[in-house]
Amino acid sequence: ELIVAPGEADGLATCHGDPVIAIDVPNRILLVEINTPNSRGVLAIAKDPSALSFAASSGIGIYGETVGTIAQQNGAALAITCGAFHGTNEENPGSDLAGYAMCSGTSYGSEHLPAGNKRVELHKNDLFYITDTQEPVSEHCTDAAEFRPALIIDGEIVVKTGWAGLQPRVCLGQSDQYEILMLVMEGRLFADGALGASVLECANILKQHNAMQAINLDGGNSAMMWYRGEYLTRSCDSDYPDGRPVPTAVIYGTN
């Protein structure tokens with residue numbers, strides 16, 4: 001089993017020139033660094049869509065947990081932030097899911113986000129589908145999350161204007177080879193010049209990696225990527241160095 005851990009892949013780069021951070025052969029994961037003029041991020045290219053799922057905090061509705069904690073509780077190797085939550089419960093941050101989510105066949109939440117928001121669904125055939133939140137959840141769906149905007153649908157970039165600000169971003173997509181694309185861009189780290197990325201920048205990065213479907217997920221103070229006990233991206237919130245507690249996370253592989 002070959003695992004080139006973070007920090008041991010110096011000098012390796014992809015055909016796009018992105019530095020390789022780690023190679024995980026058992027889980028079929030390639031982790032690469034993404035650098036833009038105003039941000040630094042990590043893209044996980046995961047080859048096995050059947051190893052992807054969405055997972056809930058063990059205290060969903062009562063308390064949230066970091067993406068790393070959710071990943072460890074589910075035996076996953078890799079995790080990123082998932083759907084939206086209400087930030088008004090200061091005593092139990094990350095407890096209140098906003099919108100609908102499905103985690104390995106279990107539904108959470110009953111309030112669908114307003115019209116114009118989108119839902120990403122992973123179906124039993126291991127393919128991604130992006131639909132409006134007002135549409136019924138497919139009977140073939142195993143996992144789902146709601147946010148906005150959609151970035152790429154059927155290979156075409158659909159986000160044109162708006163969401164142009166430089167912010168920490170979290171995006172999820174699937175390539176034409178059915179690979180899972182998990183992108184987290186840092187932001188609001190002004191001392192380091194990591195201001196953030198626009199959603200169009202994220203869409204272009206994912207398109208460069210042949211994304212057929214992609215959606216923007218909950219970024220901002222929540223944006224984090226965790227891999228095998230280590231956070232590969234930095235939190236912009238000094239109160240939450242491991243990222244804010246959240247109700248759900250996108251998880252992949254076996255730790």
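Source: prediction; values computed, not measured.

Definitions and limits used
Residues numbered from 1 in each chain as written. Predicted model: local features only at pLDDT ≥ 70, side-chain atom pairs only at ≥ 80, totals over all residues. Heavy atoms only, no water. Helix = DSSP H or I, 4+ residues; strand = E, 2+ residues; numbered from the N terminus. Rg over C-alpha atoms; globule rule 2.2 N^0.38 Å. Contact = heavy atoms within 4.5 Å. Areas by Shrake-Rupley, 256 points an atom, 1.4 Å probe, with all protein chains shown as cover. Lys, Arg positive; Asp, Glu negative; His and termini not counted. Charge placed at Lys NZ, Arg CZ, Asp CG, Glu CD. 1 Å grid on protein atoms, 1.4 Å probe; cavity = no way out; pocket = protein on both sides within 12 Å on 5 of 7 lines; lining within 4 Å. Points joined across faces, edges and corners; volume = space filled by probe spheres on them. Nonpolar A, V, L, I, M, F, W, Y, C, P; charged D, E, K, R; others polar. Pairing = 2+ DSSP bridges. Polar contact = N/O pair within 3.5 Å; in protein donor to acceptor, adjacent residues only side chain to side chain. Buried < 20%, exposed > 50% of the residue type's maximum accessible area, 1.4 Å probe, protein only. Arc of directions from axis to C-beta. Salt bridge = Lys/Arg side-chain N within 4 Å of Asp/Glu carboxyl O. Phe/Tyr/Trp six-rings, centres within 6.5 Å; stacked < 30°, edge-to-face > 60°.

*Asks:* In this structure, what is going on with the overall build of the protein? I would like to understand it.
*Replies:* Helix and strand content of the protein: two helices and 19 strands. Against the 2.2 N^0.38 benchmark of 18 Å for 255 residues, the protein shows a C-alpha radius of gyration of 17 Å, consistent with a compact globule. Taking the principal axes of its C-alpha atoms as reference, the protein extends roughly 50 × 40 × 40 Å. Pairs at least 24 residues apart make up 63% of the contacts formed inside the protein by residues separated by at least 6 positions. Of the roughly 10700 Å² that the protein leaves accessible, carbon and sulfur atoms contribute 48%. Of the charged side chains in the protein, 14 are positive and 31 negative; the average position of the first set lies 5 Å away from that of the second.

*Asks:* It is not clear to me how empty space enclosed by the protein should be interpreted in this structure. Could you clarify?
*Replies:* One simple way to see leftover space: roll a probe sized like a water molecule over the atoms. Enumeration over the complete set of coordinates arrives at one cavity of 30 Å³ or more. Counted as a void, the largest cavity has a volume near 40 Å³. Lining the largest cavity we find Pro168, Met185, Glu186, Gly187, Gly220, Asn221, Ala223, Arg234, Ser235 and Cys236. Classifying every residue of the lining of the largest cavity gives four nonpolar, four polar and two charged.

*Asks:* Please clarify how the sheet that holds strand β6 (residues 78–81) should be interpreted in this entry.
*Replies:* Two orientations exist for strands paired in a sheet by backbone hydrogen bonds: parallel and antiparallel. One open sheet accounts for five strands, arranged β5-β19-β6-β17-β18; its pairing is antiparallel. Edge strands, defined here as strands with exactly one partner in the open sheet, are β5 (52–56) and β18 (230–231). Pairing of β5 with strand β19 (residues 248–252) involves five bridges; the strand directions are antiparallel. Counterpart to leucine 52 in the pairing with β19 is tyrosine 252.

*Asks:* How should the side chain of glutamine 174 be read in this particular structure?
*Replies:* By secondary structure assignment, the location of glutamine 174 is in strand β14 (residues 169–175). Here the side chain of glutamine 174 touches aspartate 126 through a polar contact of 2.9 Å, landing on its backbone oxygen.

*Asks:* I tried to follow helix α2 (residues 199–208) on my own but got confused; where do I start?
*Replies:* Structural remark: α-helix, 3.6 residues per turn; residues separated by three or four positions point the same way. Here α2 has its buried residues at Val199, Cys202, Ala203, Ile205 and Leu206. When α2 is viewed along its axis, its buried side chains cluster within an angular range of 160 degrees and face the same direction. Immediately downstream of α2, the backbone of asparagine 210 shows phi near 65 degrees, a positive value.

*Asks:* Help me out: how do you make sense of the pairing of strand β9 (residues 118–123) in this one?
*Replies:* Every regular strand shows the same layout, with side chains that alternate between the two sheet faces. Within β9, five of the six residues are buried, which leaves it mostly tucked inside the rest of the structure. Where β9 lies against strand β10 (residues 128–132), five bridges are found, and the strand directions are antiparallel. Its bridge partner being in β10, lysine 118 is matched across the sheet by aspartate 132. Count of turn residues in the β9/β10 antiparallel hairpin: four residues, of which aspartate 126 carries a positive phi of about 70 degrees. With six bridges joining them, β9 and strand β11 (residues 141–147) adopt antiparallel strand pairing. Its bridge partner lying in β11, histidine 123 is registered against cysteine 141.

*Asks:* Mind showing me how you'd approach the pattern of salt bridges here?
*Replies:* A pair can form between side chains of opposite charge whenever their charged atoms are brought close. This model, assessed by the stated rule, comprises nine salt bridges. For the salt bridge of arginine 119 with glutamate 121, the shortest nitrogen-to-oxygen distance reads 2.9 Å. Considered together, arginine 119 and glutamate 121 belong to a single accessibility category, that of buried residues. Here arginine 234 makes a salt bridge to aspartate 192, at a shortest N to O gap of 2.6 Å. Taken together, the residues span a long stretch of sequence, with arginine 234 in the loop between β18 and β19 and aspartate 192 in the loop between β15 (180–185) and α2 at a distance of 42 residues.

*Asks:* Looking at this model, I keep getting lost on the packing of aromatic side chains. Mind explaining?
*Replies:* By convention here, two paired aromatic rings are described through the distance between centres and the angle between planes. Across all of its chains, the model carries one aromatic pair by this definition. Ring geometry for phenylalanine 147 versus tryptophan 163: centroids 6.4 Å apart, planes at 70 degrees, classification edge-to-face. Of this pair, phenylalanine 147 sits in strand β11 while tryptophan 163 sits in the loop between β13 (156–157) and β14, and the two are 16 residues apart along the sequence. Residue phenylalanine 147 is classed as buried on the basis of its relative accessible area, which comes to 14%.

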